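Each chain, letter by letter, is given below.
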Amino acid sequence: MTGRVALSRWARLCLVVGAVVVAFAVVLGAAVGGARTAQLVSNFGLCYAAISAAVACLLRAHQFRGRMRGGWAFIGLGVLSWGIGQASWVYLETFRGVEAPFPSIADAGYLLMVALTPVGLLIMPSRTQALANRVRSVLDGLMVAASLVLIAWIFVVSPLIEAGQDTALALYVSLTYPLGDVVITTIVIYMLAQQRRRGRTFSHLALVGGGIVAFAVSDIAYAYLNLKGEYSSGGITDIGWFAGFSLILLAATKPVPPATDEDDATTDGGQPIGILLPYVAVLAALFTTVIWYAKTGHSNLFVAYTRSALILLIVGRQLLTLRENRDLTRTLEARVADRTAELFASEQRFHALVQHSSDVVTVVSPEADVLYQSESVQRVFGYPARVLTGRRLTKLVDPESAVRLAQALRQVAGRPYATTVLELPVRHRDGRVRQAEMTITNLLSDPSVAGLVLNTRDISERKELQAQLVHEAYHDALTQLANRALFRERVAEALRDRIPSSSDDVTVLFLDLDGFKEVNDSLGHLAGDQLLVQVADRLRASVRDGDLVARFGGDEFAVLIRADHDGDDAERVAQRIVEVLEQPFGSDTRDIHVQASIGLASASKLGEPEGDGAEQLMRNADLAMYKAKSAGGSCYAAYHPDMLAGLVARLELEADLRLALERGQLHLHYQPTVDLATSEVIGFEALARWQHPERGMIPPAEFIPIAEATGLIVPLGRWVLREACRKAVEWSAQSGGRKVKMAVNVSVRQFDRADLVEVVAGILAETGMPADQLCLEMTESVLMTDTDDNLEQLLRLKALGVTLAIDDFGTGYSSLAYLRRFPVDTLKIDRSFVERLGALTDDTALADTIVQLGKSLGMATVAEGIEEFGQLAALREMGCHFAQGYYFSRPVPADEAGRLFLDGADAVR
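Parameters at a glance
Residues numbered from 1 in each chain as written. Predicted model: local features only at pLDDT ≥ 70, side-chain atom pairs only at ≥ 80, totals over all residues. Heavy atoms only, no water. Helix = DSSP H or I, 4+ residues; strand = E, 2+ residues; numbered from the N terminus. Contact = heavy atoms within 4.5 Å. Areas by Shrake-Rupley, 256 points an atom, 1.4 Å probe, with all protein chains shown as cover. Core = buried A, V, L, I, M, F, W, Y, C linked by side-chain atoms within 4.5 Å. Buried < 20%, exposed > 50% of the residue type's maximum accessible area, 1.4 Å probe, protein only. 1 Å grid on protein atoms, 1.4 Å probe; cavity = no way out; pocket = protein on both sides within 12 Å on 5 of 7 lines; lining within 4 Å. Points joined across faces, edges and corners; volume = space filled by probe spheres on them. Nonpolar A, V, L, I, M, F, W, Y, C, P; charged D, E, K, R; others polar. Pairing = 2+ DSSP bridges. Salt bridge = Lys/Arg side-chain N within 4 Å of Asp/Glu carboxyl O. Axes fitted to C-alpha atoms, helices over the stretch in contact; angles between N-to-C directions. Phe/Tyr/Trp six-rings, centres within 6.5 Å; stacked < 30°, edge-to-face > 60°. Lys NZ or Arg CZ within 6 Å of the ring centre and 35° of its normal. Parallel < 35°, antiparallel > 145°, perpendicular 65-115°, else oblique. Left-handed = near helix turned anticlockwise from the far one by under 90°. Expected span 1.5 Å × (residues − 1). Arc of directions from axis to C-beta. Patch = residues over 30% accessible without salt bridge, like charges linked within 9 Å, V, L, I, M, F, W, Y side chains within 5 Å.

Can you help me understand the overall build of the protein chain in this one?
Looking only at helices and strands, the protein chain has 31 helices and 21 strands in total. Within the protein chain, residue pairs in contact and separated by at least 24 positions form 66% of the contacts whose partners lie at least 6 positions apart. With the model as given, the accessible surface of the protein chain reaches about 46,200 Å², and the carbon-plus-sulfur share is 57%.

In structure tokens:
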């Protein structure tokens, strides 16, 4: 688009310049306004035209690099020197009012253009040529120049000499103008002939050449009139100079098209005009001299010498051409020999490749008669090539393969260069059946082949590898059972084949081993893998041959049962699997006991499936499995729609919990802790509460397990800790610095995080909470899982200065050894031991034992769930330190908790 705009602007410039040239010619030709006006218009017009053309050439030189820049720069300097000479002429003739002498200082500027312009043209870049071509180009240029000089001598120089001149200097200066123009014109014409219309700068050179021709006409007229003493500025002679500068201006401003590959693709053979131009010029010169001799009847020494020089140049060029032809003949002979050797080597190479190729190449007729057989057939299929040549190929394979082969040959025989591919079993000479891939190509129309080409290769190993890869993609690597992908495909296939109105049914059993993780953790993964292999063997033995057993990964298995009225129903199969897996499994060191939880889901109870029926049936079995596991394991459970409803409700609750954390819908209630010795409120336990915008208050027993299972307990616990510490600091400040003991529950999932200590320390620093006023409560499971890692975490927390407490003590499995090892400060007696205090029961003895154990270990004890005065009295008698319960206060919002703390013990008595 930019190139079109530039070309459009240049076209408008051409119109303007053409109009100015026409106006200039009219003024000078018709002498409009008189001779004086014509003289002024000529002098100033030529000066302006020369300087404008020079500036345009110099600006064009600035746009290029290298030789192109230098060429335009010299042309511009030559034109500028002419303009300076013309300015000198204007100064003498117009401003001084004197007639300019000949020669004068103005001629120095004019003649400098004759010297600089050829240099610029010769600097212009041209095609890269060989040495012989460069020599021929020089000879051609000399022939053209000599011919033009001879013609110029006859028509221009000789008349000028005859006209006479007062001084030799004036004569030489007068002759320099036309001869210089002849040289410049020769250079331009030859460069144009070399480029023709393939070069990007052809049109630019053509414009420059047109300008030089216009210059030459005016220079010849100027020299002739000047020698005759009849030249005066303002005549029609000046029109040629003005037109010449206008053409050079247009050449310098014309846009240059972008380079293309075609610019570099020219060859000497593609330039007949450039080759014939020297001969045309010589013929023109000889014709001119013949006419001149006939007209004048006498000879001239310059003409004779010039003709002799032309003859010598022609002889030199012919000798060069003869040498080039001889070299070309030798080169062609060498190339033919090399090409012949290359073709022979290529033929030998092709023959070797065919004979040693892994493909068997066979050429047959449309009737399947073997015309050519490569030797590679013996290496691939064991048959010598001579045994097969001349026989009909369809009789060498089995009948079914023969029919398929004949059809394939007919398919491609009617279409030249058509191709088809088929796979056939081919019997090896040793009797083995090999799988072969055969590519048939119709080369009947190729005279060097004239047949149907069969490229055959043995793909038996590839087929075996493909079968192995398919097996691996659809089977478990450890047990060789089907994997989830194959199981799902078979379930979908069974559902498609099932007839709903019949007694046929499709049932999926989803099985999960109970206690497998403990086997892996205690005996190692190798023992676990051996156990899984044995489980797979027992499952295979427990089902019918038509049923499919699969392993989904880990300790998850599945069974697909297609039941009918003659077979075992799914529940019997499930019961049999439970009983089989209850038998101990042998290992290298001991017997292993594992059990299985099995979920059943039948297509008959699936109803109208929503979406993928196979996935839905497998999901239902998975849900039923979790029902069996929650019942204690080593049993099976059938799917019921309520299970899905419970799962959906759980997922919805989980999503709502995430939103609640983001939107701040959770808040804290605080249950006071009372010192039984003083009956004062010494602190609180922070308890999370969730006020759902639609479902109202959701008990912690519903959302805390979900938070534990999903990992949301980590951000929830962080928020609870920060909010509880902030409130404790606030209440302590309101009470005049009275200490508030704030207890916050920490889950096992939080202990799994390596940054727990850093989080606690950061919140203490952020809220300004004293570390000794914070109590972190944990269940006994923290002591029993990842013991060493959790011990390290507890020691680091203890180093911060916080208090550590075991919540619901007595309901877990912690031992006295763990209590001595872990840095625990407080034992919280579970409410199940407190609720029956006051009667002489075992619970009373257990509660008293826990209190005494705490005292012996130097730990404080806190009783939970006190609701009656009798329970309070019994705990005081035991020596329990602190208590919580509805007897004192229910968990209350932050405002009420603050008032309880500020009012002291009276609020809870």
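Hey, could you run me through the environment of Val 449 in this one?
Tracing the backbone through its elements, the reader meets Val 449 in the loop between strand E4 (433-443) and strand E5 (451-458). Note: C-alpha distance between Val 449 and Leu 371 (78 residues apart in sequence) is 9.7 Å. Other than its neighbours up to four places away in sequence, Val 449 contacts Val 363 and Leu 443.

Just to check I follow, could you spell out the nonpolar core for this structure?
One recurring pattern in soluble globular proteins: nonpolar side chains tend to sit buried together. Core analysis: the largest hydrophobic core is formed by 78 residues, its most contacted members being Met 742, Leu 774 and Leu 797. Per-element accounting of this core gives the leading share, nine residues, to helix H22 (residues 713-734). Leave out the neighbours within four places in its chain, and Met 742 touches Tyr 670, Phe 684, Ala 686, Ala 724, Ala 728, Trp 731, Met 769, Gln 773, Leu 774 and Cys 775. Counting residues in each nonpolar core, the second largest holds 42 residues, with Ala 53, Phe 64, Ala 243 and Leu 250 among its members.

It is not clear to me how empty space enclosed by the protein should be interpreted in this structure. Could you clarify?
The gaps left among the atoms become clear once a water-sized probe is rolled over them. Inspection of the entire model under this criterion finds five cavities of 30 Å³ or more. If you go around the largest cavity, you meet 14 residues; those closest to its centre are Val 714, Arg 718, Gln 750, Leu 756 and Val 759. Sorting elements by how many residues they give to the lining of the largest cavity places H22 first, with four residues. Each residue belonging to the lining of the largest cavity can be placed in one class, and the counts come to eight nonpolar, three polar and three charged. Approximately 100 Å³ is the volume attributed to the second largest cavity. What lines the second largest cavity is a set of 14 residues, among which Trp 82, Gln 86, Tyr 110, Tyr 231 and Trp 241 lie closest to the centre. Of all the elements in the fold, those that place two or more residues in the lining of the second largest cavity are helix H2 (35-62), helix H3 (67-95), helix H7 (202-228) and helix H8 (237-253). For the lining of the second largest cavity, the class distribution of residues is eight nonpolar, four polar and two charged.

In this structure, what is going on with the pairing of E5? I would like to understand it.
Regular strands have side chains that alternate between both faces of the sheet. The pairing of strand E1 (residues 360-364) with E5 spans five bridges and is classified as antiparallel. Each residue of the ladder has a partner; that of Thr 362, found in E5, is Leu 454. Taken together, the eight bridges between E4 and E5 define a ladder with antiparallel strand orientation. Within E5, the position partnered with Thr 441 by the bridge is Val 453.

Can you walk me through the pattern of salt bridges in this structure?
A side chain of one charge can pair with a side chain of the opposite charge when the charged atoms of the two come close. In the structure shown here, the tally under the stated rule is 23 salt bridges. Of the charged contacts in the structure, one is a salt bridge between Glu 437 and Arg 462, with a shortest N-O distance of 3.2 Å. With a gap of 25 residues between them, Glu 437 in strand E4 and Arg 462 in helix H14 (residues 460-474) connect regions that are remote in the sequence. Between Arg 540 and Asp 537 there is a salt bridge; the shortest N-O distance is 2.9 Å. Here Arg 540 pairs with Asp 537, and both are found in helix H17 (residues 525-542), just three residues apart, close to one helical turn. Asp 537 gets classed as partly exposed once you look at its relative accessible area, which sits at 43%. Residues joined by salt bridges that share partners form a network here, namely Glu 685, Glu 777, Lys 828 and Glu 864.

How do you make sense of unusual backbone geometry when you look at a structure like this?
Both trends apply: most residues other than glycine have a negative phi, and most peptide bonds are in trans. For Ala 368, which is not a glycine, the phi torsion comes out positive at approximately 80°. With respect to the element layout, Ala 368 can be found in the loop between E1 and strand E2 (370-373). Here Tyr 417, not a glycine, exhibits a phi torsion of approximately 65°, which is positive. With respect to the secondary-structure elements, Tyr 417 resides in the loop between helix H13 (399-413) and strand E3 (419-427).

Any chance you could explain the sheet that holds strand E8 (residues 556-563) here in plain terms?
The strands that make up a sheet pair up through hydrogen bonds in the backbone, lying either parallel or antiparallel. Strand order in the open sheet made by the five strands is E7-E8-E6-E11-E12, with mixed pairing throughout. The open sheet has two free edges, formed respectively by strand E7 (548-553) and strand E12 (635-638), since each of these has just one partner strand. In this sheet, adjacent strand axes meet at a mean angle of 20° when their direction is disregarded. Against the sheet, helix H15 (residues 484-497) makes contact with strand E6 (505-514), E7 and E8, and its axis sits at roughly 20° relative to E8, the strand it touches most. Running at roughly 140° to strand E11 (residues 595-602), helix H19 (residues 613-630) makes contact with E6, E7, E11 and E12 of the sheet.

Looking at this model, I keep getting lost on the packing of aromatic side chains. Mind explaining?
The geometry of two aromatic rings is summed up by the distance between their centres and the angle between their planes. Counting across every chain of the model gives 11 aromatic pairs. Taking 5.7 Å as the distance between ring centres and 90° as the angle between the ring planes, the aromatic pair formed by Trp 690 and Phe 703 counts as edge-to-face. On the criterion of sequence distance, the pair formed by Trp 690 in strand E14 (residues 680-692) and Phe 703 in helix H21 (residues 700-710) is long-range, its members being 13 residues apart. Measuring from centroid to centroid gives 5.3 Å for Tyr 887 and Phe 888, while their planes differ by 80°, and the two rings are edge-to-face. Taking relative accessible area as the criterion, Phe 888 reaches 9% and is therefore assigned buried. A connected cluster of aromatic rings, assembled from ring pairs, spans Tyr 670, Phe 684, Trp 731 and Phe 901. Lying over the aromatic face of Trp 10, Lys 254 brings its terminal NZ or CZ to 5.3 Å of the ring centre.

What's the story with the environment of Phe 95 in this structure? I'm lost.
Checked against the element boundaries, Phe 95 lands in helix H3. The residues touching Phe 95, leaving out its near neighbours within four places in the chain, are Phe 44 and Val 90.

I tried to follow the packing of H3 against H8 on my own but got confused; where do I start?
If you want to describe how two helices pack, look at the angle between their axes and the distance between the axes. Closest axis-to-axis distance for the H3/H8 pair is 12 Å, and the angle between their directions is 150°. The pairing of H3 with H8 is recorded here as roughly antiparallel in orientation. Where H3 crosses over H8, the handedness of that crossing is left-handed. For the pair H3 and H8, contact is made by Trp 72, Val 79 and Trp 82 and by Trp 241, Phe 245, Ile 248, Ala 251 and Ala 252, respectively. Class assignment of the residues belonging to the contact of H3 with H8 gives a composition of eight nonpolar, no polar and no charged.

Would you take a moment to explain the layout of surface pockets for this structure?
Reported here for the second largest pocket is a volume of approximately 810 Å³. Looking at the lining of the second largest pocket, the elements that each hand over two or more residues are E14, H21, H22, strand E16 (741-745), helix H23 (748-751), strand E17 (774-778) and strand E18 (803-809). Its residues assigned to classes, the lining of the second largest pocket shows 17 nonpolar, nine polar and 10 charged.

Sorry if this is basic, but what is going on with the sheet that holds E5 here?
With respect to topology, five strands assemble into an open sheet ordered E2-E1-E5-E4-E3, the strand pairing being antiparallel. Two strands bound the open sheet, and with one partner strand each, they are E2 and E3. Pairs of neighbouring strands in the sheet enclose a mean axial angle of 25°, with direction left out of account. Running at roughly 160° to E3, H13 makes contact with E1, E3, E4 and E5 of the sheet. Packing against the sheet, H14 makes contact with E3, E4 and E5, and its axis sits at approximately 120° to E4.

Just to check I follow, could you spell out helix H18 (residues 570-582) for this structure?
Helical periodicity: at 3.6 residues per turn, an α-helix aligns residues three or four positions apart in one direction. In this model H18 runs 19 Å from its N-terminal to its C-terminal C-alpha over 13 residues, within 8% of the 18 Å that 1.5 Å per residue would give. Looking at H18, one finds that the buried residues are Ala 570, Val 573, Ala 574, Ile 577, Val 578 and Leu 581. Axial view of H18: buried residues confined to an arc of 140°, hence all on one face. Looking at the packing, one finds that the buried side of H18 touches E6, H17, E8, strand E9 (585-586), E11 and E12.

Can you help me understand the environment of Ala 494 in this one?
By the secondary structure assignment, Ala 494 is in helix H15. Take Ala 494: its relative accessible area is 3%, and that puts it in the buried class. Residues Ala 494 and Arg 562, spaced 68 residues apart in sequence, show a C-alpha to C-alpha distance of 7.6 Å. Beyond its immediate stretch of four places on either side in the chain, Ala 494 contacts Val 506 and Arg 562.

Before we go on, may I ask you to explain H21 in this structure?
Residues Phe 703, Ile 706 and Ala 707 constitute the buried set of H21. Angular distribution of buried residues about the axis of H21 spans 100°; they occupy a single face of the element. Count one or two residues on from H21 and you reach Gly 711, which has phi positive near 85°.

What am I meant to see in a nonpolar patch on the surface here?
Residues Ile 311, Val 315, Leu 319 and Leu 322 make up a contiguous nonpolar surface patch of about 400 Å² in total accessible area. When you line up the elements, Val 315 lands in helix H10 (residues 301-356). Among the residues examined, Val 315 registers a relative accessible area of 42% and is labelled partly exposed.

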